[in-house]
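Given next are the chains, with one letter for each unit.
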Amino acid sequence: MRSTTLLALLALVLLYLVSGALVFRALEQPHEQQAQRELGEVREKFLRAHPCVSDQELGLLIKEVADALGGGADPETNSTSNSSHSAWDLGSAFFFSGTIITTIGYGNVALHTDAGRLFCIFYALVGIPLFGILLAGVGDRLGSSLRRGIGHIEAIFLKWHVPPELVRVLSAMLFLLIGCLLFVLTPTFVFCYMEDWSKLEAIYFVIVTLTTVGFGDYVAGADPRQDSPAYQPLVWFWILLGLAYFASVLTTIGNWLRVVSRRTRAEVGAQGWHCPNPPRKPVRPRGPGRPRDKDVPV
């Protein structure tokens, strides 16, 4: 890539980042300020209702509650309840390990021990390349299976004397449609039912997950009411297949762009260097006594 192209691309990305920052600030900052005002109002109301509690004591309690929630504590569970929910049961721990090697990292559950953080360093360094190899293999197999199925449909179109260019466009659209149906739309409705989310919340979680953004504000299976130990491991296998599909799509797009770029360079080179009537070498006239070129001694 030439330096001018690279600088232009960098400028475009920076412009895209600045525009995103402006839009997100305009959308989210008023909500943040409103939430802060509501928190202050609730705090003042509590202090008026309980004059025996000082402002400093209430602030300390709020900080301890926030730290406990950050550590994975459930505010609806107290010391006298019989709830066995844990953010580190086997299914949840399997899902957490999966978010490490997929680089999603939701952040709703974090490590709080030095031993856990040290283990996570080596676990990620080994697991991420290992998952990358698995993802490439699954993506290749999944893409081949989908293309094989679409190939049968292409053969039917060709038997109907559909132009080959139109068949290629239809097959590409069908490849995208089947993948979106299997890995985006179907999980959206499943999460709407299982998590009691709205359709917007469910598809937001699906896209944020499959793009490996992973904010952590919505996480499948994080609700304590989801007590099935197999639920989050099944969600991870969906993540594996969904990431493999998107990797296959990106690989296909990259191959197509390389073919287009190669053809473009070939056409430009042919137009720039091809000359239908190359100029003939001028012949110098021979004067009297001038030897022929072939007779000139070397």
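The structure reproduced in this document is the subject of the present report. (Residues numbered from 1 in each chain as written. Predicted model: local features only at pLDDT ≥ 70, side-chain atom pairs only at ≥ 80, totals over all residues. Heavy atoms only, no water.)

## With respect to a nonpolar patch on the surface
Part 1 of the reasoning: There is a patch of nonpolar side chains on the surface, built from Leu7, Leu9, Leu10, Leu12, Val13, Leu14 and Leu17 and spanning about 660 Å² of accessible area.
Part 2 of the reasoning: As for its placement among the helices and strands, Leu10 is situated in helix α1 (residues 3-49). (Patch = residues over 30% accessible without salt bridge, like charges linked within 9 Å, V, L, I, M, F, W, Y side chains within 5 Å. Areas by Shrake-Rupley, 256 points an atom, 1.4 Å probe, with all protein chains shown as cover. Salt bridge = Lys/Arg side-chain N within 4 Å of Asp/Glu carboxyl O. Helix = DSSP H or I, 4+ residues; strand = E, 2+ residues; numbered from the N terminus.)

## Section: the pattern of salt bridges
Part 1 of the reasoning: Here the structure, examined in full by the defined rule, presents two salt bridges.
Part 2 of the reasoning: The residue Asp55 makes a salt bridge to Arg43 at a minimum N-O spacing of 3.3 Å. A residue pair is termed long-range when its members are at least 10 positions apart, and Asp55 in helix α2 (residues 55-70) and Arg43 in helix α1 qualify at 12 residues.
Part 3 of the reasoning: When its relative accessible area of 37% is taken as the criterion, Asp55 is described as partly exposed.
Part 4 of the reasoning: Judged by relative accessible area, Arg43 falls into the partly exposed class, the value being 28%.
Part 5 of the reasoning: Across the pair Arg117 and Asp114 runs a salt bridge, and its minimum N-O distance is 3.7 Å. (Buried < 20%, exposed > 50% of the residue type's maximum accessible area, 1.4 Å probe, protein only.)

## Things to note about the packing of helix α5 (residues 164-195) against helix α6 (residues 199-210)
Part 1 of the reasoning: Two numbers describe how α5 lies on α6: the axes approach to 8 Å, and their chain directions differ by 130 degrees. With respect to their mutual orientation, α5 and α6 come out oblique. Between α5 and α6 the crossing geometry is right-handed. For the pair α5 and α6, the contacting residues are Phe183, Val184, Pro187, Thr188, Phe189, Phe191 and Cys192 in the first and Lys199, Ala202, Ile203, Phe205, Val206, Ile207 and Leu210 in the second.
Part 2 of the reasoning: A breakdown of the residues in the contact of α5 with α6 according to their chemical character gives 12 nonpolar, one polar and one charged. (Axes fitted to C-alpha atoms, helices over the stretch in contact; angles between N-to-C directions. Parallel < 35°, antiparallel > 145°, perpendicular 65-115°, else oblique. Left-handed = near helix turned anticlockwise from the far one by under 90°. Contact = heavy atoms within 4.5 Å. Nonpolar A, V, L, I, M, F, W, Y, C, P; charged D, E, K, R; others polar.)

## Details of the packing of aromatic side chains
Part 1 of the reasoning: As enumerated under the stated definition, the model contains 17 aromatic pairs in all.
Part 2 of the reasoning: Here Trp88 and Phe96 contribute two aromatic rings whose centre-to-centre distance is 5.0 Å and whose plane-to-plane angle is 75 degrees, an arrangement assigned as edge-to-face.
Part 3 of the reasoning: The class for Trp88 is partly exposed, based on a relative accessible area of 40%.
Part 4 of the reasoning: With relative accessibility at 16%, the residue Phe96 sits in the buried group.
Part 5 of the reasoning: Considering the side-chain rings of Phe191 and Phe205, the 5.1 Å spacing of their centres and the 90 degrees angle between planes classify their relative orientation as edge-to-face. With Phe191 in helix α5 and Phe205 in helix α6, this residue pair connects regions lying 14 residues apart in the sequence. Like Phe191, the residue Phe205 is buried in the burial classification.
Part 6 of the reasoning: A connected cluster of aromatic rings, assembled from ring pairs, spans Phe95, Tyr106, Phe191, Trp197, Tyr204, Phe205, Tyr218 and Trp238. (Phe/Tyr/Trp six-rings, centres within 6.5 Å; stacked < 30°, edge-to-face > 60°.)

## Details of α1
Part 1 of the reasoning: For α1, which comprises 47 residues, the first-to-last C-alpha distance of 67 Å matches the rise-based estimate of 69 Å (1.5 Å per residue) to within 8%.
Part 2 of the reasoning: The axis of α1 is deflected most strongly, by about 35 degrees, at Glu28, and proline Pro30 appears within four residues downstream. (Expected span 1.5 Å × (residues − 1). Bend = angle between axes of the 7 residues up to and from the residue.)

Read these as geometric descriptors, not functional statements.
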